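Now for the letters of each chain:
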Amino acid sequence: MRHIPGAWQRTARGAGLLAPDGSSVPTIFAEMSALATATGALNLGQGFPDEDGPEAVLDAARAAISSGINQYAPGRGFPDLLAAVAEHQQRFYGIELDPQREVLITVGATEALAATLLALVDSPDDEVVVFEPYYDSYAACVALSGATLVPVPLRWPDFQPDLERLASAVTDRTRVILVNDPHNPTGTVFSREVLHEVVRLAHRHDAIIVTDEVYEHLVFDGPHVPIATLPGADERTLSISSGGKTFSLTGWKTGWVTGPADLVSAVLAVKQYLTYVGGSPFQPAIAVGLRLPDAFFASVASEMAAKAALLGTGLRAAGFDVSSPAGSYFTVVDASPLGATDADAFCRELPARAGVVGIPLTAFVTPEHRSDYATLVRFAACKRVEVLQDAAGRLAGMTLE
């Protein structure tokens, strides 16, 4: 086995990538999904739908395979998908893009994020500001880049940041301000005031804004406002999204990066040495999806809002305090009314107590801040209505300890 340099090993361990003995650490999603399988519990932990996406999109992938689109795609992506992404940004947000220079197709949003951070970080002195709690790959990608993660806390129950804390976190060492909106794991949508402050701070400290918008069509009281549309943001913003969440096709791993040509080219320079290109037949299919009628996109948001409301009702009936989400797949609850003092232990006991799996919010924070989120749990509403109804009933009948 190749030796892991000491500095990287310390960084990886601090980011939760390695155990104290140097062994790899499985993600919380892998652990809890395995627990759901072993116990027969309903998996409301990992954020993947249990229904397939639109038939037109599935048919387009089948047709692509049958017609021989099975070899490497061009490095930037197939021209039709590049054009479809540019059309989507213009159609929904009024953002004008050159599809050949300002769009890059990636293997999902996670690869887009990794390639972006690896491309933009120049020095070990660079810092990446994130809102905490954060999707777990953020810390891993920042560690891989060699930069320092600087978290800005989001607090129960509305999960909006304190603007003074945000301003103190962003300094001249800040290379990237990473914004996930709508937000995973909390389900919040950031206010215009927060987004404008991010832009102001990026200008003041010459930072680049990287925005993860994979839940862009799952804003319950929309429309979604991309930070790139705000005054002064477009020239320093890279926007990341994917088709997985919008079309309930998370296994296809087809995403994209859009923004200024020079920044996108920098990301391409790294991305080509990661996966080179993604699954070819999925690209024309996602292009079909992005061109679906407005009614489809409206239904995606309304259906997820109804599911979140159904789940929230069940969680309240079970005795949790519930933070009502404004978007995404996720609802966060406080389990302390049920006697919980440690969300991690609570979630590991929950399958036996209720036959339901959730994810402790402590999995999405830096180790030194775990106590701030000690009793908070995330549940995913991206399941069939009958599954959510079953979960609600199980939780309502949960035995207290």
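Residues numbered from 1 in each chain as written. Predicted model: local features only at pLDDT ≥ 70, side-chain atom pairs only at ≥ 80, totals over all residues. Heavy atoms only, no water.

Our working rule: UniProt positions are given in the numbering used here, feature names are shortened, and annotations may be inferred rather than shown by experiment.
Per an unreviewed UniProt entry, the recorded name for the protein is Aminotransferase, and the organism is Microbacterium testaceum. Its UniProt record gives the protein the following Cofactor (unreviewed entry) comment, quoted word for word: "pyridoxal 5'-phosphate".

## Section: the sheet that holds strand E3 (residues 127–132)
Rules: Any two strands are treated as partners once DSSP identifies two or more bridges connecting them. Working definition: helices are DSSP H or I runs of at least four residues, strands are E runs of at least two. Numbering for both runs from the N terminus. Between N-to-C directions, angles span 0 to 180 degrees; the directions come from axes that are lines fitted to C-alpha atoms, helices contributing only their stretch in contact. Contacts are residue-level and defined by heavy atoms, with any inter-residue pair within 4.5 Å sufficient.
One open sheet accounts for 7 strands, arranged E2-E8-E7-E6-E5-E3-E4; its pairing is mixed. In this open sheet, the two edge strands, each paired with only one partner strand, are strand E2 (103–106) and strand E4 (148–153). Between one strand and the next, the sheet's axes are offset by a mean angle of 20°, whatever the strand orientation. Pairing between E3 and E4: 6 bridges, direction parallel. Counterpart to valine 129 in the pairing with E4 is valine 150. Sitting on the sheet, helix H5 (residues 108–120) is in contact with E2, E3, strand E5 (174–180), strand E6 (208–212), strand E7 (237–242) and strand E8 (255–258), with an inclination near 160° to E7. Lying on the sheet, helix H8 (residues 192–205) is in contact with E3, E5 and E6; it crosses E5 at an angle near 165°.

## Observations regarding the nonpolar core
Going by this rule: Residues grouped as a nonpolar core are buried Ala, Val, Leu, Ile, Met, Phe, Trp, Tyr and Cys residues, joined through side-chain atoms within 4.5 Å. Note on classification: 1.4 Å probe, protein chains only; a residue is buried when its accessible area is under 20% of the maximum for its type, exposed when over 50%, partly exposed between these limits. Throughout the structure description, domain borders are defined by an automatic or database domain assignment.
Ranked by size, the top nonpolar core spans 128 residues in total, and within it Phe131, Phe320 and Phe379 carry the most contacts. Considering every element that reaches this core, the biggest residue donor is H5, with 8 residues. Each of two domains, domain 1 (7–52 + 296–397) and domain 2 (55–291), supplies a minimum of three residues to this core. In this structure phenylalanine 320 touches Leu315, Val333, Asp334, Ala335, Leu338, Phe346, Phe379, Leu395 and Met398, once residues within four positions along its chain are discounted.

## What to know about the domain arrangement of the protein
Inclusion rule: A pairing counts as a salt bridge when a side-chain nitrogen of Lys or Arg comes within 4 Å of a carboxyl oxygen of Asp or Glu. Under the rule applied, a polar contact is a pair of N or O atoms within 3.5 Å (in protein, one hydrogen donor and one hydrogen acceptor; residues adjacent in sequence only if both atoms are side-chain atoms). Under this grouping Gly is polar, as are all residues other than the nonpolar Ala, Val, Leu, Ile, Met, Phe, Trp, Tyr, Cys and Pro and the charged Asp, Glu, Lys and Arg.
The domains assigned to the protein are domain 1 (7–52 + 296–397) and domain 2 (55–291). Each of domain 1 and domain 2 has a C-alpha centre, and the two are 23 Å apart. Residue-level contacts link 40 residues of domain 1 with 41 residues of domain 2. The tally of links between domain 1 and domain 2 comes to 1 salt bridge. Put simply, aspartate 372 and arginine 155 hold a salt bridge, and the shortest N to O gap is 3.6 Å. Remark: the boundary between domain 1 and domain 2 carries 14 residue pairs in polar contact (both at pLDDT 80 or more). Contributions of two or more residues to the side of domain 1 that touches domain 2 are made by helix H1 (6–14), helix H11 (294–318), strand E9 (321–323), strand E10 (330–334) and strand E13 (376–380). Here the side of domain 1 that touches domain 2 gets 7 residues from one element, more than from any other, and that element is H11. The residue inventory of the side of domain 1 that touches domain 2, partitioned by class, reads 26 nonpolar, 8 polar and 6 charged.

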